[in-house]
Amino acid sequence: MLIDELIQLNARIPSCDLINSKKFLLKSDFVETCAEFVEEESFTETMQQMAKLPFGKETHVFELQRPTYATGEQTDVVTFICKEIDIDDQPHIQVHYLVGKRLFPFISLFNPKEIERHPTGELSLPFRTKTTRGEPVRMGSMSPESELRILSGAITLSSILAVLNSPKIIDTIDVNNDSWNAKRRKHGQKTLHNHTVVFIKKDIAEAVRLQNEGRSIELDSHGKRIHWRRGHFKHRATGTFWWSATLVGSGTNLIEKRYDVNA
């Protein structure tokens, strides 16, 4: 992971403990599926309720491989370095953004419970911003591109956290490098940190992909109604569940339509 290189270089991120942080490696298909989840209206409530750092006040590192932002810009590695911060007695997530090994100049603080979906389908999220030097920045003083990147990053992170806290829809692999590090030390090599690799369960990822390709069912030649009940998320006290799409009604002639997903 990139975080191993940064720790070896003695990188310092204000108020963050990189060495003892909880580290997650998120492969590109995981990130892309989270972006598709965001397009589903029922997932908004899931983000509001479930987007929390899984280990509370500890430093969290989420390394994303080849994510795509709303600007259409794609980068090799984006890393979110996060901590939970209380503001006005409300838990907020403080995020330092790394693009490659470069620290993005702005830190954002936001509360996922404030995510709103507008009738247009667009998401908004109030956030507070300061510079990496800790100076507060007045909203509107950043470039539109920087504000868009911070908003996109916050929404992306909220979707990731919601999924991480929904064990019914993910699989994880804990990578323990302890034995491997013993061999590396003998050869004078730098050690690697333990981390968790996260996957979306294959059946759910496939269901969401097929749904977002779009399918709309209309009346058949006999006037019988058949329709496609979209898959959707349901938030329960016991966790978040995905209810797969299904055909409902009768008829034979299906008319397929495409829905474009802007992720």
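In this text the structure is predicted, and so the values were computed from the model without any measurement.

A. Inspection of the environment of Y97 at higher detail. Examined against the element boundaries, Y97 turns out to sit in strand 4 (residues 90-99). For Y97, a relative accessible area of 3% translates into the label buried. Measuring from C-alpha to C-alpha, the distance between Y97 and I81 comes to 6.5 Å, with 16 residues separating the pair along the chain. Residue contacts for Y97: discarding those within four places in its chain leaves T79, F80, R102, L103, F104, F106, S108, I150, G153 and A154. A distance of 2.6 Å separates a polar atom in the side chain of Y97 from a polar atom in the side chain of S108.

B. Inspection of the confidence of the model for the protein at higher detail. Mean pLDDT over the protein works out to 77, with 74% of the residues at or above the 70 mark. Across the protein, strand 7 (residues 116-117) holds the top mean pLDDT of 93, while strand 13 (residues 226-229) sits lowest at 44. Predicted confidence for residues 215-228 stays below pLDDT 50, and this span has 41 contacts to residues more than four positions away or in other chains. Counted against residues more than four places away or in other chains, residues 247-263, with its pLDDT under 50, gives 43 contacts.

C. The packing of helix 3 (residues 43-50) against helix 4 (residues 144-164), seen in detail. For the pair helix 3 and helix 4, interaxial distance at closest approach is 8 Å and the crossing angle is 80 degrees. Relative to helix 4, the element helix 3 lies roughly perpendicular. Two secondary-structure elements touch here, helix 3 through F43, T46, M47 and M50 and helix 4 through I155, S158, S159, L161, A162 and V163.

D. Spatial organisation of the packing of helix 2 (residues 28-39) against helix 4. Two numbers describe how helix 2 lies on helix 4: the axes approach to 9 Å, and their chain directions differ by 100 degrees. In terms of orientation, helix 2 and helix 4 fall into the roughly perpendicular class. Two secondary-structure elements touch here, helix 2 through F30, C34, F37 and V38 and helix 4 through I155, S159, I160 and V163. Here the residues of the contact of helix 2 with helix 4 are counted per class, giving seven nonpolar, one polar and no charged.

Rules used throughout
Residues numbered from 1 in each chain as written. Predicted model: local features only at pLDDT ≥ 70, side-chain atom pairs only at ≥ 80, totals over all residues. Heavy atoms only, no water. Helix = DSSP H or I, 4+ residues; strand = E, 2+ residues; numbered from the N terminus. Buried < 20%, exposed > 50% of the residue type's maximum accessible area, 1.4 Å probe, protein only. Contact = heavy atoms within 4.5 Å. Polar contact = N/O pair within 3.5 Å; in protein donor to acceptor, adjacent residues only side chain to side chain. pLDDT = per-residue confidence, 0-100. Axes fitted to C-alpha atoms, helices over the stretch in contact; angles between N-to-C directions. Parallel < 35°, antiparallel > 145°, perpendicular 65-115°, else oblique. Nonpolar A, V, L, I, M, F, W, Y, C, P; charged D, E, K, R; others polar.

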